[in-house]
Every structure is written in C-alpha cells, then in structure tokens.
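Structural overview
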Amino acid sequence: MEERRDVKLLGTKESIFTQRIVWALKLKGIDYAFIEQDFSSRSSPLLVELNPVYKMVPVIVHDGKPLSESLVILEYIEETWPVNPLFPVDPFERASARFWARFIDGMFYEAAKKAFFSSGEAKAEGVELVEEGLHLLEGQIIGKKFFGGEKIGYLDIIAGWISYWFQYIEEVGEFKAMDSRKYPCLHAWINNFIQVPIIQQSLPKADDVKAVYRGFKDAAALAGAN
Ligand SMILES: N[C@@H](CCC(=O)N[C@@H](CS)C(=O)NCC(=O)O)C(=O)O
C-alpha cells in the first residue's frame, strides 16, 4: 500500500492557476489540505515564505517541501502519483502538449490581459490576438472530445480557464472574442469539459470570480492614475 504523505495546497479558489492543481489532485484521488489565500489582501507571510520568488498562488507543499508555478507543480504531481496519467504517453504528443501549454500561458494569456486591461487601439489589438489564439486552439481540438483525447488530460487542465473564467474576463474586461460559430470545436470542448463532475464541482461562483476581476481592474486603474 502506498504510504500516505502530507499534501497542502495554498491557493485561491477563484484563481485559474490554483484550479489546475485542484483538478489534478482530484483526478488522481490525492487527499490534500487547502489553505485559502485572500486575493484582496497582500501576499500572506506564509505565501511569501513558501514562494519567495513570485509570492503567488498556487504553492503545493508535499512532505514539507514547497513547489510553485502551476506547470511545474503539474509535472511534479504526474511524476509523484502516476495513477490516472494526465500526460500523453507518446513522446511527441507529450512534447506537443507542453508546447501548447506554454502557448496558453504565454502568448494567449498575455493577449487576454491586453484585451482585459487596455482600452482603445491597444484593446482592439488585444482582442485580435485573442481571436488568433482561439483560432489556433480550435485547430488543436478539431475531431477530439478533449485535448487529451477521450478523457481530460494535461492540456485540458491548462486550457481549463477558457471553459469558465474566460466569459467573465470578457464581461468585466468589456470585450468579446469567443464565438461558437467561429470556434465550434472549442465551444463543444467547453461543454464537454465543464460537464466532467470533478471540474463542475470545483468551479468557483461566478459572482466571486467577477468580483476578483473587478478588483484587478480597479487596482490597475488606480496604479495608472498614480
Ligand atoms: N505562472 C504562475 C501564475 C500564478 C498567478 O498568477 N497567481 C495569481 C493568482 S491567479 C496570484 O497569486 N496573484 C497574486 C498577485 O499577483 O499578487 C503559475 O502558473 O502558477
């Protein structure tokens, strides 16, 4: 029998990055203690101690050893608990999933931030970049139920925020890029993904997500005014 180990997750339930770790642990059936961090206050002393470099959630603490950055944590979870594998077995598919994960967290996330935070011409550019990103992701999901194939895998977890949080990023950010007619396969994936019980059960409340995003907007406006 596998020895029980101590797993703690420092996170914020509205955080898209935290949710990735929640989903991975739940999909693998790993028990963990959730230590909620407050979005509205500055990073807690515990968070600063455990993630002194970025001072951000999520942080996983396994047997007293902290790890941060969701992509890194997911790799660690997969290697530590191989049960119910999340990564593709084929080396090319595995590398390709990592490529698209970096695209989502890099170019696509930056485009969404630009569309969310900016205004005027810069906002229009951001929206255009988001649309290009959605088009590229549509190309990756054509003919598949999930990015991982028949069941959800690593790339579904990385892209997961597009299934739920993205609509509130659009709403609070006052832009629209997702269009079921332009991205029908991505739209179908959203419905498939959101219906997976582990995903559905751990989604934060829409009002809480929107309140966090309004907070981000207000903070950015305040910083811009100073
Ligand atoms: N690249 C990081 C991003 C983590 C991140 O942005 N975390 C946000 C929550 S969604 C955070 O802690 N923000 C607090 C802050 O910026 O002070 C990851 O993948 O884990």
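Note that the structure is predicted; figures quoted are calculated from it, not measured. (Residues numbered from 1 in each chain as written. Predicted model: local features only at pLDDT ≥ 70, side-chain atom pairs only at ≥ 80, totals over all residues. Heavy atoms only, no water.)

Remarks on the overall build of the protein chain
Operational definition: The way it works is that DSSP assigns letters per residue, a run of H or I at least four long becomes a helix, a run of E at least two long becomes a strand, and they are numbered from the N terminus. Restricting the calculation to C-alpha atoms gives the radius of gyration, and the globule rule supplies 2.2 Å times the number of residues raised to the power 0.38. Each residue gets one of three labels from its accessible area relative to the maximum for its type: buried under 20%, exposed over 50%, partly exposed in between, using a 1.4 Å probe on protein chains only. What makes two residues a contact is simply this: any of their non-hydrogen atoms within 4.5 Å. Throughout, the Shrake-Rupley method with a 1.4 Å probe supplies accessible areas, and for residues the shown protein chains are the sole cover considered.
Counting its regular elements, the protein chain contains nine helices and four strands. N-terminal to C-terminal, the α/β element order of the protein chain is β-α-β-α-β-β-α-α-α-α-α-α-α. For the protein chain, whose C-alpha radius of gyration is 18 Å, the value lies close to the compact-globule estimate of 17 Å for 226 residues. With respect to the principal axes defined by its C-alpha atoms, the protein chain has extents near 60 × 45 × 30 Å. Buried residues in the protein chain amount to 45% of all 226 residues. Put simply, of all contacts in the protein chain between residues at least 6 apart along the chain, 70% involve residues at least 24 apart. For the protein chain, the computed accessible surface area is about 11900 Å², with 56% contributed by carbon and sulfur atoms.

Let's talk about unusual backbone geometry
Look at the link from Val 57 to Pro 58: it is a cis peptide, with omega at 5°. Mapped onto the elements of the fold, Pro 58 is located in the loop between helix 2 (45-50) and strand 3 (59-62). Residue Asn 84 is not a glycine yet carries a positive backbone phi of 50°. For Asn 84, the position within the fold is in the loop between helix 3 (70-80) and helix 4 (91-117).

Details of the UniProt feature "domain: GST C-terminal" (unreviewed entry) in the protein chain
The following threshold applies: UniProt positions are given in the numbering used here, feature names are shortened, and annotations may be inferred rather than shown by experiment.
Cross-referencing UniProt, the feature "domain: GST C-terminal" (unreviewed entry) maps to residues 90-212 in the present numbering. When the span residues 90-212 is considered, its composition is 76% helix and 0% strand, and the gap between its end C-alpha atoms is 39 Å.

So, the site of the ligand
Note the cut-off: A cutoff of 4 Å decides nearness: a residue is near a molecule or strand if any of its heavy atoms lies inside that distance of it. Under this definition, polar contacts are N or O atom pairs within 3.5 Å; protein pairs additionally need one hydrogen-donor-capable and one acceptor-capable atom, and for neighbouring residues in sequence, both atoms have to be side-chain atoms. Residue classes follow a fixed rule: Ala, Val, Leu, Ile, Met, Phe, Trp, Tyr, Cys and Pro count as nonpolar, while Asp, Glu, Lys and Arg count as charged, and any other residue, Gly among them, counts as polar.
Every residue lining the ligand is accounted for by Ser 15, Phe 17, Phe 39, Met 56, Val 57, Pro 58, Glu 69 and Ser 70. A distance of 2.8 Å separates a nitrogen atom of the ligand from a polar backbone atom of Val 57. Burial of the ligand by the protein amounts to 71% of the accessible area it has alone, namely 510 Å². Each residue belonging to the shell around the ligand can be placed in one class, and the counts come to five nonpolar, two polar and one charged.

Some words on the sheet that holds strand 4 (residues 65-68)
Using the following cut-off: Think of it this way: DSSP has to see at least two bridges between two strands before they count as a pair. Orientation is described by axes fitted as lines to C-alpha atoms, over the contacting stretch for helices, and by angles from 0 to 180 degrees between their N-to-C directions.
Across the sheet, four strands lie side by side as 2-1-3-4; this open sheet has mixed pairing. Each edge of the open sheet carries a strand with a single partner, namely strand 2 (33-36) and strand 4. Between one strand and the next, the sheet's axes are offset by a mean angle of 20°, whatever the strand orientation. Each of strand 1 (7-11), strand 2 and strand 3 touches helix 1 (residues 16-27); the most contacted strand, strand 1, lies at about 155° to it.

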